[in-house]
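# Architecture and fold: a report
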Amino acid sequence: MAPQKCLICKKSPTNDCKSCKSTAYCTKACHRQEILETSSSTQKTPSKLGILLPTDDPDPQLVWIPCPKAKVPGSSTRFDKLLVAPFLGEPIPGAERFNVAKNDVRDSNLGHTVVIYARDNWLNDGSKPNQAALTLTNWELPYDWRGNILITSYKGSLSEILPQRTGNSVPMMLGLVEEGGQLEPFKDFRDVALGDLRTAVDYLSRYGSRAKEDIDRNVKGVLVRCEGEIDLHRRVTGKQEKSVEVEVAKDHPIWKNSPTEFSKVMGVPLLVHKLLPSPRWDDTDPARSDNQPVTFLNLTIDPKNTHWWSVAPPEWQSDVGNILFFRKDRKDLCQEQACVLAEYMQFRVSEALSNTAPATNVN
């Protein structure tokens, strides 16, 4: 029996795959892409197994990539035409290719080449941050990878054919492949292996890394004051200030926290970290530990969590206290940015969520 949702877009299906009877699709467009991804046993065209890192799904997906044979013009040599572009999203783009013959994170030569494909010009074509890549690297991507990413494997070392940059540990980024990102003139693509995913994730986690002195520096973020701290600060300084910019070191415990739910959707991983209460707060004020902006920053938006949908979990509703607000990618966060994010969550997202209900599965 086919799944209850479309394999491609996750919507309710209208038809089962006529070839394998194990997948479903909702439109002809999804059906065409589904044919590309169905097991090679149902295809007339030879294919190779690859791993897709989707833009809008945190989980990697195994896909079958059509790989027909073609002749080199003017020669009897045949090569694999790996059809990668349809997996990179709409509109069908050109493709940029990254060849990885050595895992620098683990200091090991692979003996083959992991070939990673991404959309050409993904920073400017409206592509969204890649949720799978962010999740697999614990939301610490040093580079802003956007759009779908496709991981493939080549039997040989492409560095023997295509030399790398001298003195650069990052494999050379090639230009566009043939028109539409369709063709790859290599003979020996193979099915991807699980270890190739590990290599690709290590590569993504290092690509675009900042210099060591930049990594070691303190990171700027914001201290968001609770009601008790705002009152104390007003009594001491005469100023009504709800937040202030601060810095923390690279070994601060905040970096062990997980990003807030909504920040994952935005593709900007944000961390909140509670601080100890101050004995100087007015203990006669029952609202002294309230911190409403932070409560809204922690709204539950996971549709599977129907119990806390559109509200914050209990630990972020009361006794919140002062909190630190930082970016998990360790880029600086200024006071104005923190204020805009908090107000957006409180006055736009909260209202929108309260007027909707989480989707439920219908059996």
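The rules behind these values
Residues numbered from 1 in each chain as written. Predicted model: local features only at pLDDT ≥ 70, side-chain atom pairs only at ≥ 80, totals over all residues. Heavy atoms only, no water. Helix = DSSP H or I, 4+ residues; strand = E, 2+ residues; numbered from the N terminus. Buried < 20%, exposed > 50% of the residue type's maximum accessible area, 1.4 Å probe, protein only. Areas by Shrake-Rupley, 256 points an atom, 1.4 Å probe, with all protein chains shown as cover. Core = buried A, V, L, I, M, F, W, Y, C linked by side-chain atoms within 4.5 Å. Contact = heavy atoms within 4.5 Å. pLDDT = per-residue confidence, 0-100. Pairing = 2+ DSSP bridges. Axes fitted to C-alpha atoms, helices over the stretch in contact; angles between N-to-C directions. Expected span 1.5 Å × (residues − 1).

### Focus: the overall build of the chain
A count of helices and strands for the chain gives 8 helices and 14 strands. By the burial criterion, 44% of the 363 residues in the chain qualify as buried. For the chain, the exposed area adds up to about 19,600 Å²; of that, 51% sits on carbon and sulfur atoms.

### Details of unusual backbone geometry
Of note in this structure, Asp107 is not a glycine but carries a positive phi near 50 degrees. As for its placement among the helices and strands, Asp107 is situated in the loop between strand S7 (95–103) and strand S8 (108–119). The residue Trp139 is not glycine, and still its phi comes out positive at about 60 degrees. On the secondary structure map, Trp139 appears in the loop between helix H2 (131–136) and strand S9 (149–154).

### Here's the deal with the nonpolar core
If you look at the biggest cluster of nonpolar residues, it comprises 25 residues, and the most contacted ones within it are Leu53, Phe98, Ile116, Trp145, Ile151 and Leu204. Those elements that place two or more of their residues in this core are strand S3 (47–53), S7, S8, H2, S9 and helix H3 (194–206). Looking at this core element by element, the count peaks at 5 residues for H3. In this structure Leu53 touches Pro60, Asn130, Ala132, Ala133, Leu136, Asn148, Ile149, Ile151, Leu197 and Leu204, once residues within four positions along its chain are discounted. Judged by nonpolar contacts, the second largest core, of 23 residues, contains Val294, Trp316, Leu341 and Ala342.

### A look at the confidence of the model for the chain
Low-pLDDT stretches of the model should not have their predicted coordinates read in fine detail. Averaged over all residues, the pLDDT of the chain equals 78, while 73% of them reach at least 70. Mean pLDDT in the chain bottoms out at helix H4 (residues 212–216), which sits at 58, and peaks at strand S14 (residues 323–327), which reaches 95. Across residues 39–43, confidence stays below pLDDT 50; counting only partners more than four residues off in sequence or on other chains, it has 10 contacts. Confidence drops under pLDDT 50 across residues 160–184; counting only partners more than four residues distant or on other chains, this segment forms 62 contacts.

### Focus: the environment of Val201
When you line up the elements, Val201 lands in helix H3. Taking the C-alpha atoms as reference points, Val201 and Ala132, separated by 69 residues in sequence, lie 10.0 Å from one another.

### Side note on the sheet that holds strand S13 (residues 270–274)
Pairing is antiparallel across the open sheet formed by 4 strands, whose spatial order is S12-S11-S14-S13. If you trace the sheet from one side to the other, it starts and ends with strand S12 (243–248) and S13, each paired once. Shown here is a sheet whose adjacent strand axes are inclined to one another by a mean of 30 degrees, direction ignored. Here S13 runs beside S14; their pairing, made up of 5 bridges, is antiparallel.

### Focus: H3
The end-to-end C-alpha separation of H3 is 19 Å, in line with the 18 Å expected for 13 residues at 1.5 Å each. Positive phi shows up at Gly208, right after H3, with a value of about 80 degrees.

### Some points on helix H5 (residues 227–237)
All of the buried residues along H5 are Gly228, Glu229, Ile230, Asp231, Leu232 and His233. Of the residues flanking the end of H5, it is Gly238, one or two places downstream, whose phi is positive at about 80 degrees.

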